[in-house]
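Letter by letter, the chains look like this.
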Amino acid sequence: MQDKINKMFSKVSGSYDFINHLMSFNIDKNWRRACAEQALSGAGDKLKILDIAAGTGDLSITVAETAASKGKTATIYASDFNKEMLGIAKKKISSMGLAECIKTEEGNAFEINHHSGTIDVLTSGFALRSFFFSDGTGKNMKKFLSEAYRVLKPGGRTVLLDMALPDNPSQKAFFRVYSNFMLFVGAFVDRETYGWLVKTITEFDKKLLKSMMEKEGFRNVKIISLKSGIAYLAYGEKHS
Ligand SMILES: C[S@@+](CC[C@H](N)C(=O)[O-])C[C@H]1O[C@@H](n2cnc3c(N)ncnc32)[C@H](O)[C@@H]1O
């Protein structure tokens, strides 16, 4: 399934950003900003940040911009296993003049290519479902969380952004209608990929994610629902 996921992202890489903004009516930008704010507020002034499954780089870029606006010095490693997505990230980062602070690197979320205890903040956007459903058992999600915990410095934090079915019944009902719009738009690019992405939103279990994070050792674990109810942040800290 991992190979299949990698191929799915190769297929949609060229239109990924456009479709993302279209499907979310640009709200995905606010979600990434909320993730960056949560990642950086209260964190130190000189940070080593790892953005796992960085794709076309939008979360890494938002984190870099947010860090600069707060007067923090951040080196961000934008890591992904998909060459095409990462290629787009690289171009975007260099055209924005951010290549000094954002380094792109190929890497797998289940075997993170960084030494233990070296990262202040670990982020990831819209990839938890790919991790969880890549084997259907949660084993790969456990591998990711254990790797995330390993590479964090004591006192470091992780902020994971993704989408899941809202808890609120009226937001849930809205999502059922909205998901048809997502499927309609996605079908113009690749019916299978977007069908899978929408299906995983409805099947992902945020409560299970929280308990898996706690089992891996994360403290102060919180699932923070963002305004629309569809997007959420999963937050956790490594003991200091
Ligand atoms: C939906 S995209 C999200 C991209 C980006 N984070 C964003 O905010 O738009 C999911 C990304 O996860 C990557 N991915 C999925 N499984 C992965 C794994 N096991 N290791 C590394 N990257 C992975 C895919 O290649 C894809 O770029």
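Before reading further, recall that the structure is shown in the block above.
Predicted model only: the values in this text are computed from it and were never measured.

Colleague: Now, about the overall build of the protein: what can you tell me, with residues and values included?
Modeller: Helix and strand counts for the protein come out as ten helices and seven strands. A compact globule built from 240 residues should have a C-alpha radius of gyration of about 18 Å, and the protein, at 17 Å, falls within 12% of that. Considering only C-alpha atoms, the protein reaches an extent of 45 × 40 × 35 Å along its principal axes. Counting across all 240 residues of the protein, residues that qualify as buried make up 40%. Counting only contacts in the protein whose residues sit at least 6 apart along the sequence, the fraction spanning at least 24 positions is 76%.

Colleague: Tell me about the site of the ligand, residues and numbers included.
Modeller: In the neighbourhood of the ligand, 19 residues make up the surrounding shell, with Ala53, Gly55, Asn82, Ala109 and Gly125 lying closest. Taken together, the elements giving at least two residues each to the shell around the ligand come down to helix H1 (2–12) and helix H4 (58–69). In terms of residue count, the dominant contributor to the shell around the ligand is H1 (three residues). When grouped by side-chain class, the residues that make up the shell around the ligand number eleven nonpolar, six polar and two charged.

Colleague: Would you mind going over the environment of tyrosine 178 in detail, with residue names and values included?
Modeller: Along the chain, tyrosine 178 falls in helix H8 (residues 169–187). Placed 155 residues apart in sequence, tyrosine 178 and methionine 23 show a C-alpha to C-alpha distance of 9.2 Å.

Colleague: Before we move on, could you go through the sheet that holds strand E3 (residues 102–106) and cite the residues and values that matter?
Modeller: The seven strands lie next to each other as E3-E2-E1-E4-E5-E7-E6, forming an open sheet whose pairing is mixed. Whereas interior strands pair on both sides, the edge strands pair on one side only; in this sheet they are E3 and strand E6 (219–225). Between one strand and the next, the sheet's axes are offset by a mean angle of 15 degrees, whatever the strand orientation. Note that E6 and strand E7 (residues 231–237) share five bridges and pair antiparallel. The residue bridging arginine 219 from the neighbouring strand is glutamate 237, located in E7. On top of the sheet, helix H5 (residues 83–95) reaches strand E2 (73–80) and E3; it is set at about 165 degrees to E3, its chief contact.

Colleague: Go over unusual backbone geometry, please, and point to the residues and values.
Modeller: With a phi close to 55 degrees, phenylalanine 25 is a non-glycine residue in the positive phi region. Take phenylalanine 25: it is sitting in the loop between helix H2 (16–23) and helix H3 (27–40). Residue class for phenylalanine 25 comes out exposed when judged on the 10 C-beta atoms lying within 10 Å of it. Its identity as a non-glycine residue notwithstanding, alanine 53 has a phi of 55 degrees, on the positive side.

Colleague: Outline the pairing of strand E4 (residues 119–125), supporting the account with residue identities and numerical values.
Modeller: With seven of seven residues buried, E4 is to be regarded as a mostly interior element. Pairing of strand E1 (residues 46–52) with E4, which is carried by four bridges, proceeds in the parallel orientation. Paired with leucine 50 across the bridge in E4 is leucine 122. Of the strand pairs in this sheet, E4 and strand E5 (residues 152–163) are connected by six bridges, and their pairing is parallel. When the sheet's bridge partners are listed, isoleucine 119 is paired in E5 with leucine 152.

So, how was this worked out
- Residues numbered from 1 in each chain as written.
- Predicted model: local features only at pLDDT ≥ 70, side-chain atom pairs only at ≥ 80, totals over all residues.
- Helix = DSSP H or I, 4+ residues; strand = E, 2+ residues; numbered from the N terminus.
- Rg over C-alpha atoms; globule rule 2.2 N^0.38 Å.
- Buried ≥ 20, exposed ≤ 12 C-beta atoms within 10 Å, placed from the backbone.
- Contact = placed C-beta atoms within 7 Å.
- Near = placed C-beta within 6 Å.
- Nonpolar A, V, L, I, M, F, W, Y, C, P; charged D, E, K, R; others polar.
- Pairing = 2+ DSSP bridges.
- Axes fitted to C-alpha atoms, helices over the stretch in contact; angles between N-to-C directions.

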